[in-house]
Amino acid sequence: MRKRRVFRILVFGAVVSVCGWMFFAQGLEKFVPVSVLPAAAPTLSPGMVDLDANKANNCPSVLSQSASTHFYADIIRNRSKHGINYYEARHNRPGEIQDTVVILTPISNSVEDLPRYFRNLCSLDYPHDKISVVLGEDSSRDGSTFKIAQDAVKLVEPYFHRVEAVQLHEEWSRPPVSKHEQTIQVDRRKHMARSRNKLLHIGLRDEKWALWMDVDLAYIPPDLIQQMISVQKHIVVPGCIFVNNDKTVDVYDKNTWQETNRSIEFQQDQSKKFVMLEGYNGESMRRYLPSFRKDGNMYIKLDGVGGAALLVYAECHKRGLIFPPFVYEHHIETEGFAKIAKDMGYEVIGLPYLEVIHG
Ligand SMILES: Nc1nc2c(ncn2[C@@H]2O[C@H](COP(=O)(O)OP(=O)(O)O)[C@@H](O)[C@H]2O)c(=O)[nH]1
Ligand SMILES: [Mg+2]
């Protein structure tokens with residue numbers, strides 16, 4: 001009798017633990033629900049840029065901040081004065097988020113960009129021992145990008161968890177026209193998709209997040225990583241702007257957008273192979289991320305993303321989320337990536353008040 005009672009208690013305990021584990025595992029999978037985020041816009045906060053906040057992270061002194069960093073930091077500070085500091089709004093304290101991140105950066109003919117790129121990385125006040133960096137090179141015509149990247153890796157290696165430069169062997173010979181010439185976009189972007197996929201395959205290990213970052217950004221806010229992670233969504237993108245000589249600002253990244261009824265209807269009339277490119281053929285039918293700043297929402301849903309700064313929950317990549325080097329719902333590369341992500345059930349989110357500056 002007593003034995004049977006003990007047996008029953010043991011069976012009950014086992015059932016409870018299995019159910020508990022399943023619930024926990026499912027929770028992990030589904031991520032933190034939107035409801036944990038503040039529903040309304042939080043109060044305005046002062047500027048978020050603290051260039052001295054990085055003392056603990058130490059970097060070689062040759063990579064300390066330059067005058068241009070301060071110039072751009074001022075612009076971002078002014079723009080964020082009237083906006084929302086997402087990170088503070090979520091009440092995260094410095095050091096509170098400790099997830100591992102791998103920064104993946106495709107490079108080609110990047111000799112001039114690399115010093116500023118590493119200065120930007122050194123300015124990050126996210127714990128550097130949680131950050132890995134992998135640069136993936138191909139198709140350079142300058143003969144020295146990979147060598148310079150290797151030298152830079154040696155210099156910064158001691159200050160991050162892992163830093164590597166790899167050759168992707170994905171050669172593309174670019175026609176002798178401007179890289180933004182419309183006629184080469186499909187080929188160029190298909191090539192970029194292949195390079196990104198190879199870099200992903202080589203670069204991602206067991207990190208929790210992959211942060212895609214272009215080498216030619218002029219400025220990134222020091223708290224870029226924690227701001228993006230704190231959103232707790234599968235895919236998160238900040239705005240990417242360009243600063244003119246007179247300090248006025250334009251949208252740089254035209255691949256980060258939300259569809260409109262008009263753009264959706266337009267696509268329905270196109271053949272399956274049609275590739276829809278942004279930034280050409282007059283006014284866009286989409287809404288670019290910076291245009292949402294006037295609406296006052298901390299984050300918005302996106303349908304297309306660019307790769308200048310793009311945070312991806314690594315598990316999504318591991319489950320098959322790639323950059324299509326083929327036409328997927330009228331898009332390729334990063335925009336096609338967003339389309340696939342949405343079809344896989346992942347949330348694609350833009351932060352209108354968090355911005356990086358393209359060089
Ligand atoms: N591996 C590789 N990286 C490239 C290639 N072309 C550009 N990149 C890198 O990809 C990122 C985006 O390219 P970029 O030319 O700046 O494009 P845009 O600013 O979006 O028009 C940058 O980090 C470039 O250095 C290429 O052919 N191969
Ligand atoms: Mg660029």
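S.K.: Describe the overall build of the protein chain, with residues and values.
M.R.: Assigned secondary structure in the protein chain consists of 10 helices and 12 strands. Looking at the protein chain as a whole, 41% of its 359 residues are labelled buried. Taking contacts inside the protein chain between residues at least 6 apart in sequence as the whole, the part at least 24 apart equals 85%.

S.K.: Break down unusual backbone geometry for me, with residues and values.
M.R.: Of note, Ser 139 is a non-glycine position whose phi angle comes to about 60°, a positive value. Structurally, Ser 139 is set in the loop between strand S2 (131-137) and helix H5 (145-156). With 18 C-beta atoms counted inside 10 Å, the residue Ser 139 sits in the partly exposed group. Phi angles above zero are rare outside glycine, and Gln 232 is one such case at about 55°.

S.K.: Go over the environment of Val 249 with me, naming the residues and quoting the values.
M.R.: Take Val 249: it is sitting in strand S7 (residues 249-251). Classification of Val 249 as partly exposed rests on a count of 16 C-beta atoms within 10 Å. In sequence terms Val 249 and Ile 75 are 174 residues apart; their C-alpha atoms lie 9.2 Å from each other.

S.K.: Report on helix H10 (residues 333-343), specifying residues and quantitative values.
M.R.: Three or more residues of H10 are buried, namely Glu 333, Thr 334, Glu 335, Gly 336, Phe 337, Ala 338 and Ala 341. Buried positions along H10 lie against helix H6 (185-203), strand S6 (235-243), strand S11 (309-313), helix H9 (314-318) and strand S12 (348-358). Count one or two residues on from H10 and you reach Gly 345, which has phi positive near 90°.

S.K.: I'd love a proper account of the pairing of strand S1 (residues 101-107), names of residues and values included.
M.R.: Regular strands have side chains that alternate between both faces of the sheet. Among the 7 residues of S1, 7 are classified as buried, and the element is accordingly described as predominantly covered. Of the two faces of S1, both are covered, the one formed by Val 101, Ile 103, Thr 105 and Ile 107 as well as the one formed by Val 102, Leu 104 and Pro 106. Here S1 pairs with S2 via 7 bridges, running parallel. Residue Leu 104 lies in a different strand from S2, and its bridge partner there is Val 134. Taken together, S1, helix H4 (residues 114-123) and S2 form a β-α-β motif whose crossover is right-handed.

S.K.: Tell me what's going on with H5, and back it up with residues and numbers.
M.R.: Taking 1.5 Å per residue, 12 residues should reach 16 Å; H5 reaches 16 Å between its end C-alpha atoms and fits that length. Buried residues in H5 make contact with S1, H4, S2 and strand S3 (162-167).

S.K.: Explain the site of ligand 1 residue by residue, including any values.
M.R.: If you check the shell around ligand 1, you find 17 residues, and the closest are Pro 106, Ser 108, Ser 139, Asp 214 and Val 215. Elements with a minimum of two residues in the shell around ligand 1: S1, S2 and H6. The biggest single contributor to the shell around ligand 1 is S1, with 3 residues. Of the residues in the shell around ligand 1, the class split is 5 nonpolar, 7 polar and 5 charged.

S.K.: Before we move on, can you summarise the confidence of the model for the protein chain with the specific residues and values?
M.R.: Per-residue confidence for the protein chain gives a mean pLDDT of 86, with 80% of residues at or over 70. Per-element confidence in the protein chain is highest for S1, whose mean pLDDT is 99, and lowest for helix H1 (residues 2-30), whose mean pLDDT is 49. Segment residues 16-56: pLDDT under 50, and 39 contacts once partners within four positions in sequence are set aside and those in other chains are kept.

S.K.: So what about the pairing of S2? Which residues, and what values?
M.R.: The buried count for S2 comes to 7 of 7 residues, which makes it a mostly enclosed element. Alternating positions in S2 separate into two faces, Ile 131, Val 133, Leu 135 and Glu 137 on one and Ser 132, Val 134 and Gly 136 on the other, with burial throughout. Relative to S3, S2 runs parallel, the two being bridged by 6 bridges. Residue pairing across strands places Glu 137 opposite Gln 167, the latter belonging to S3.

S.K.: Which residues make up the environment of Ser 284, and what values go with them?
M.R.: Inspection of the secondary structure assignment puts Ser 284 in the loop between helix H8 (261-268) and strand S9 (287-288). Since 17 C-beta atoms lie within 10 Å of it, Ser 284 is described here as partly exposed. Separated by 21 residues in sequence, Ser 284 and Ser 263 place their C-alpha atoms 8.6 Å apart.

S.K.: A description of the environment of Asp 151 should follow, citing residues and the corresponding values.
M.R.: Its place among the elements puts Asp 151 in helix H5. Through-space distance from the C-alpha of Asp 151 to that of Ala 165 is 9.4 Å; in sequence the pair is 14 residues apart.

Conventions adopted
- Residues numbered from 1 in each chain as written.
- Chains lettered and ligands numbered in written order.
- Predicted model: local features only at pLDDT ≥ 70, side-chain atom pairs only at ≥ 80, totals over all residues.
- Helix = DSSP H or I, 4+ residues; strand = E, 2+ residues; numbered from the N terminus.
- Buried ≥ 20, exposed ≤ 12 C-beta atoms within 10 Å, placed from the backbone.
- Contact = placed C-beta atoms within 7 Å.
- Pairing = 2+ DSSP bridges.
- Right-handed = clockwise from strand over helix to strand, strands pointing away.
- Expected span 1.5 Å × (residues − 1).
- Near = placed C-beta within 6 Å.
- Nonpolar A, V, L, I, M, F, W, Y, C, P; charged D, E, K, R; others polar.
- pLDDT = per-residue confidence, 0-100.

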